[in-house]
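# Structure assessment
What follows is each chain in one-letter form.
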Amino acid sequence: MPNDLVDAMVKMREAEAMELAQKMLDAGEDPLQVLERCREALEIVGKQFEAGKYFLPELILSGEMLKRISKIAKPYMRKESDKKTEAKGTVIIGSVKGDIHDIGKDIVVFLLDTNGFEVHDLGVDVPAEKFVEAISQIQPAVVGMSALLTTALESMKNTIDAIKNAGLRDRVKIMVGGGAVDEKVRKYADADAYGPDAVAAVNLSKEWAKVKG
Amino acid sequence: MKERFLKVSPDADQNQEKHFETWLSGKGIPFVSVEAEEAYKARATLIKDAIQLKKKPRRIAICPSAGFFPVQYAGVSMYDAMYDYNALTQAWEKYCNDLTPDAYNAPMTIVPGSVLDILDFKLCRWPGHGVSEQSEYQYVEKEYMKADEYQDLIDDPTGFFMNTFFPRIFGALKPLQKMPLLPPVNEIVCIPPALFPFGDKEVQAAFSSLAKAGEETIRWRDAVRRLNGSVMGKGYPAFSGGFTKAPFDVIGDTLRGTREVLMDMYRHPDELIEACERITPFMIKAGVASCMATGHIMPFIPLHKGADTFMSEEQFQKFYWPTLRKVIIGLVNEGMVPQLFVEGGYNQRLEVISDVPKGKVVWWFDLTDMARAKKTVGRVACIAGNVPLSLLCTATPDEVKAYCKELIDVAGQDGGFIFSTGAGMQGAKAENVSAMIEFSKDYGIYQ
């Protein structure tokens, strides 16, 4: 049955996945094991995405299934097993000042979260000082910045300049993304990498968190 | 129901010629001189020749998308541009006079701010109202239509917009939820119940807000019309003259929202497709009507959620393309030239979107590979694009010119090409915009 759950999730059969997860929980399976199967499924979906077979709908829907299954698994958790598995790493993220768009950033947050990262979402229209403050307080391995508006590119550069001026640039890896961003913008703003999609953001974070850890 | 909008009608060619004739004539434009009128006709002809694919134009028309660039270029704030119609029109005059692109983009996207105030618009934040006075307006994405409301939309799109959607997106129009359904009002005994809402004080207040907003919109339109006359009167045709959208984007952009509409492809596929079908005739009529109002031939159609990264090719062919193609055919049959502006990339779609009648549409690209576009969809349609905004915002004039040269070499071969940008130019450096236009006007000469 566990593999059936993975299969149902990977093939986007949401109703079946929900039913299977409920059955496993009712039958006394360790809820953490059930969630582990969900993560396995998400891993496969992520790979399919990178292979160009799956796209945003599958990323979003599989993440949504994980969220729904986590919710029904909660009452089955014993106290000691309720402890969160240790986060893979810490990421702070936000849409830069002047930009209030959150759809792309939220998908990245969602995917980082389902991949086991501790994500601090600073929200939208985030001033440079707020990034600087969050970096010195939270000390993340990774900082993500998003911009959809071309008018926010300057503010992306200013934010990274502010991080440099605060002497924090060497302590973090910075990834940038969003509709207005590409490799040219990465270079202009002096970030470490440009991620064209949410899976790229997860892969970059995995790579960088490992180095730091 | 009879299948419509699948085939090109026998009189489509004739209709197109007729509309081109009207547009090219420049009738009603207050030209400043005979030379200006000649220049207008010559520029419009460059665009016509590129579209029809019958002969190579004299040179490539240079038609960047102004976006909100003229506002920053003139040094005024976005707030001023939306609230002070003089500031708006002066900014546009300055941009057009200084940089002289071949086609004119009327500032139809700079909507009047006080109208949004009067109606308490919720879909966006705009300068001084949720974003700074320097910022452009930005969309607040939410689920404005719930999944279980698909059937209501399908049953009665107009009623759904009036009674449910508008009350959600305009605070001042909340009382419209009391409006009666119209088809039941069909004989004498139905009159009184249909009139009750109009006696309601709140509904009356909603209508008075609409009247106020309407009057303000007319003041804005008059200012824009004077600007149109002034710029076009110097010899510059407008690049587009109407607006419509792909049915999937109507549902996805502002009704369901990105996340939801993408999941609906799995959760509510039949309702989603049926809703797109129901919206289709509205989108055709809107495109035709908006062009007729301006005497133009090209409705601008921004395409959003069908891009490469949003869905698979299979999903594109099932959910997005069928009703977009119907909109295209519907417009072509009326003699219009759909100006399809592909935001993001369509590198996986080039074969599918080649299924359009020859010489009848413009495919305008952003991040799509122009060499591949030229070899595929470029055989049946004029292509336009695609100087990247990241380049215009961050590079040097020399880098910009190098890109323009390569673009013209690749996409401009043998006509069928309109030079443009991949997006509205807000945020671009003025020296880059100027270098792009000057260089390309010169380099894009065929003979």
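Given the structure is predicted, the values throughout are model-derived calculations rather than measurements.

Cut-offs and rules
Residues numbered from 1 in each chain as written. Chains lettered and ligands numbered in written order. Predicted model: local features only at pLDDT ≥ 70, side-chain atom pairs only at ≥ 80, totals over all residues. Helix = DSSP H or I, 4+ residues; strand = E, 2+ residues; numbered from the N terminus. Rg over C-alpha atoms; globule rule 2.2 N^0.38 Å. Buried ≥ 20, exposed ≤ 12 C-beta atoms within 10 Å, placed from the backbone. Contact = placed C-beta atoms within 7 Å. Pairing = 2+ DSSP bridges. Axes fitted to C-alpha atoms, helices over the stretch in contact; angles between N-to-C directions. Expected span 1.5 Å × (residues − 1). Nonpolar A, V, L, I, M, F, W, Y, C, P; charged D, E, K, R; others polar. Domains from an automatic or database assignment. Right-handed = clockwise from strand over helix to strand, strands pointing away. Bend = angle between axes of the 7 residues up to and from the residue. pLDDT = per-residue confidence, 0-100. Parallel < 35°, antiparallel > 145°, perpendicular 65-115°, else oblique. Left-handed = near helix turned anticlockwise from the far one by under 90°.

Looking only at helices and strands, chain B features 18 helices and nine strands. Relative to the 2.2 N^0.38 estimate, which gives 22 Å for 447 residues, the radius of gyration of chain B is 22 Å and therefore close to what a compact globule would have. Seen through its C-alpha atoms, chain B measures out along the principal axes to roughly 70 × 45 × 40 Å. Counting only residues that meet the buried cut, chain B has 48% of its 447 residues in that class. For chain B, contacts bridging at least 24 residues in sequence account for 74% of all contacts bridging at least 6.

Counting its secondary structure elements, chain A contains nine helices and five strands. At 18 Å, chain A has a C-alpha radius of gyration in line with the 17 Å of a compact globule built from 213 residues. With respect to the three principal axes, the spread of C-alpha positions in chain A is 55 × 35 × 30 Å. Contacts in chain A between residues at least 24 apart in sequence constitute 72% of all its contacts with a sequence separation of at least 6.

On to the sheet that holds strand S4 (residues 242-243) of chain B. Residues and elements named next belong to chain B. Pairing is parallel across the open sheet formed by six strands, whose spatial order is S4-S5-S6-S7-S8-S9. Looking at strand neighbours, the two that pair on one side only are S4 and strand S9 (417-421), the edges of this open sheet. Across four bridges, the pairing between strand S5 (residues 299-303) and strand S6 (residues 339-342) is parallel. Across the sheet, residue Leu-303 finds its bridge partner in S6, namely Val-342. Strands strand S8 (382-387) and S9 of the sheet are contacted by helix H17 (residues 397-411), whose axis makes an angle of about 165 degrees with S8.

Omega for the bond connecting Gly-385 of chain B with Asn-386 of chain B falls within 30 degrees of zero, at -25 degrees, which places this linkage in the cis form. Counting through the fold element by element, Asn-386 of chain B comes out in strand S8. With a phi close to 65 degrees, Met-12 of chain A is a non-glycine residue in the positive phi region. Along the chain, Met-12 of chain A falls in the loop between helix H1 (2-10) and helix H2 (14-26). A count of 19 C-beta atoms within 10 Å places Met-12 of chain A in the partly exposed class. At Asp-120 of chain B, a position not held by glycine, the phi torsion is positive, near 55 degrees. With respect to the secondary-structure elements, Asp-120 of chain B resides in the loop between helix H6 (113-119) and strand S1 (124-127). Among the residues examined, Asp-120 of chain B registers 14 C-beta atoms within 10 Å and is labelled partly exposed.

For the rest of this paragraph, the subject is helix H2 (residues 34-52) of chain B. The periodicity of an α-helix, 3.6 residues per turn, causes residues three or four places apart in sequence to face the same way. Residue and element names in this part refer to chain B. Between the first and last C-alpha of H2 there are 27 Å, a value that for 19 residues agrees with the 27 Å anticipated at 1.5 Å per step. Considered for burial, the residues of H2 that qualify are Tyr-40, Arg-43, Ala-44, Leu-46, Ile-47, Lys-48, Ala-50, Ile-51 and Gln-52. Buried residues along H2 sit against helix H1 (12-25), helix H10 (201-232), strand S7 (362-365), S8 and S9.

At the interface, 22 residues of chain A touch 27 residues of chain B. The set of elements that each furnish at least two residues to the side of chain A that touches chain B consists of helix H4 (56-73) and helix H8 (183-189) of chain A. Class assignment of the residues belonging to the side of chain A that touches chain B gives a composition of 13 nonpolar, four polar and five charged.

Residue and element names in this part refer to chain B. In terms of domain boundaries, chain B breaks down into domain 1 (1-65 + 239-447) and domain 2 (77-93 + 108-232). Put simply, the middle of domain 1 and the middle of domain 2, counted by C-alpha atoms, are 27 Å apart. If you look at the interface, domain 1 gives 19 residues, while domain 2 gives 16 residues. If you list the elements that add at least two residues to the side of domain 1 that touches domain 2, you get helix H11 (247-256), helix H12 (258-267) and helix H13 (269-294). Classifying every residue of the side of domain 1 that touches domain 2 by side-chain character gives seven nonpolar, five polar and seven charged.

Residue and element names in this part refer to chain A. Burial of strand S3 (residues 142-146) is extensive: five of the five residues sit out of reach of the surface. Neither face of S3 is open: one carries Val-142, Gly-144 and Ser-146, the other Val-143 and Met-145, and all of them are buried. Pairing of strand S1 (residues 90-95) with S3 involves five bridges; the strand directions are parallel. The partner of Ile-93 across the bridge, within S3, is Gly-144. Looking at chain direction, S3 and strand S4 (residues 173-177) are connected through five bridges and run parallel. Residue pairing in the sheet places Ser-146 in a bridge with Gly-177 of S4. For the crossover from S3 across helix H7 (residues 153-165) to S4, the handedness is right-handed.

Bringing the domain arrangement of chain A into the picture now. Residue and element names in this part refer to chain A. For chain A, the assigned domains are domain 1 (2-80) and domain 2 (90-212). Between domain 1 and domain 2, the C-alpha centre-to-centre distance is 28 Å. Counting from both sides, the interface comprises eight residues of domain 1 and, opposite them, seven residues of domain 2.

Glancing now at helix H8 (residues 157-169) of chain B. Residues and elements named next belong to chain B. Its 13 residues place the ends of H8 only 16 Å apart at the C-alpha level, less than the 18 Å of an ideal helix rising 1.5 Å per residue. For H8, the principal kink sits at Asn-163 and spans about 30 degrees; a proline, Pro-167, occurs within the next four residues. For H8, the full list of buried residues reads Phe-160, Phe-165 and Ile-169. Close packing links the buried residues of H8 with helix H7 (150-155) and H11.

This paragraph deals with the confidence of the model for chain B. Keep in mind that low pLDDT regions are not for reading the predicted coordinates in detail. Of all residues in chain B, 99% have pLDDT values of 70 or greater, and the mean over the chain is 97. Interface confidence in the predicted complex, given as ipTM, is 0.91; pTM for the same model is 0.94.

In this section: the environment of Val-176 of chain A. All names here are of chain A. By the secondary structure assignment, Val-176 is in strand S4. The class of Val-176 is buried, set by 30 C-beta atoms lying within 10 Å. Between the alpha carbons of Val-176 and Ala-189 there is a distance of 9.1 Å; along the sequence they are 13 residues apart. The residues touching Val-176, leaving out its near neighbours within four places in the chain, are Met-145, Met-156, Val-181, Val-185, Arg-186, Ala-189, Ala-191 and Tyr-194.

Here the focus is the packing of H11 of chain B against H13 of chain B. Residues and elements named next belong to chain B. It is the contact of H11 with H13, at a shortest axis distance of 7 Å, that shows an interaxial angle of 110 degrees. As summarised for this structure, H11 and H13 are arranged roughly perpendicular, according to the angle between their axes. Between H11 and H13 the crossing geometry is right-handed. When H11 is examined against H13, the residues Pro-247, Phe-248, Val-250 and Ile-251 are found in contact with a partner set consisting of Leu-272, Ala-275, Cys-276, Ile-279, Thr-280 and Met-283. Across the contact of H11 with H13, the residue classes tally to nine nonpolar, one polar and no charged.

Moving on: the sheet that holds S1 of chain B. All names here are of chain B. Read across the open sheet, the three strands follow the order S2-S1-S3; overall the sheet is mixed. The sheet is open, and its two edges are formed by strand S2 (130-131) and strand S3 (138-139), each paired on a single side. Pairing between S1 and S2: two bridges, direction parallel. Across the sheet, residue Pro-127 finds its bridge partner in S2, namely Val-131.

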